[in-house]
Amino acid sequence: MKCIICKAKATSYFTTDFRFHFGGKYKEQLEKSEYYKCSYCGFTFSKDVYEMSYTTWCELNLKAHTQFESTDLNTRLTNQPPYLAQATMLNLLLKDDIIGGGQQQK
């Protein structure tokens with residue numbers, strides 16, 4: 001499979017079984033998900049989520065985030081990543097030519 005970001009080769013990385021993960025709450029939309037990791041840029045993505053229809057993805061995304069965001073902060077095992085800080089850092093790295101914009105040949 002090719003990376004959805006830079007189109008380099010991505011190989012199978014791990015599988016999540018949603019029939020059991022998260023207590024099976026998402027198994028109607030997604031039973032299992034195969035994750036791939038890019039050998040070039042390191043991006044990791046779910047092939048199954050990437051290939052699902054927009055409507056199914058929206059339903060699954062809303063269901064997962066609604067459940068997560070409504071959970072008491074003291075009982076969460078994880079926290080949302082700092083998306084704004086990550087996006088800002090990537091933008092700065094690109095603008096300062098520290099990382100490439102995917103123009104290299106793979």
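Residues numbered from 1 in each chain as written. Predicted model: local features only at pLDDT ≥ 70, side-chain atom pairs only at ≥ 80, totals over all residues. Heavy atoms only, no water.

The next subject is the pattern of salt bridges. By the definition in use, this model includes one salt bridge. Between K47 and E51 there is a salt bridge, with its nearest N and O atoms 3.0 Å apart. In this pair, K47 and E51 both sit in helix α1 (residues 47–51), four residues apart, roughly one turn of the helix. Residue K47 is classed as partly exposed on the basis of its relative accessible area, which comes to 25%. Here E51 falls in the partly exposed class, since its relative accessible area comes to 48%. (Salt bridge = Lys/Arg side-chain N within 4 Å of Asp/Glu carboxyl O. Helix = DSSP H or I, 4+ residues; strand = E, 2+ residues; numbered from the N terminus. Buried < 20%, exposed > 50% of the residue type's maximum accessible area, 1.4 Å probe, protein only.)

A cluster of nonpolar side chains, namely L90, L94, I98 and I99, defines an oily patch on the protein surface of about 350 Å² accessible area. Structurally, the position occupied by L90 is in helix α3 (residues 83–95). (Patch = residues over 30% accessible without salt bridge, like charges linked within 9 Å, V, L, I, M, F, W, Y side chains within 5 Å. Areas by Shrake-Rupley, 256 points an atom, 1.4 Å probe, with all protein chains shown as cover.)

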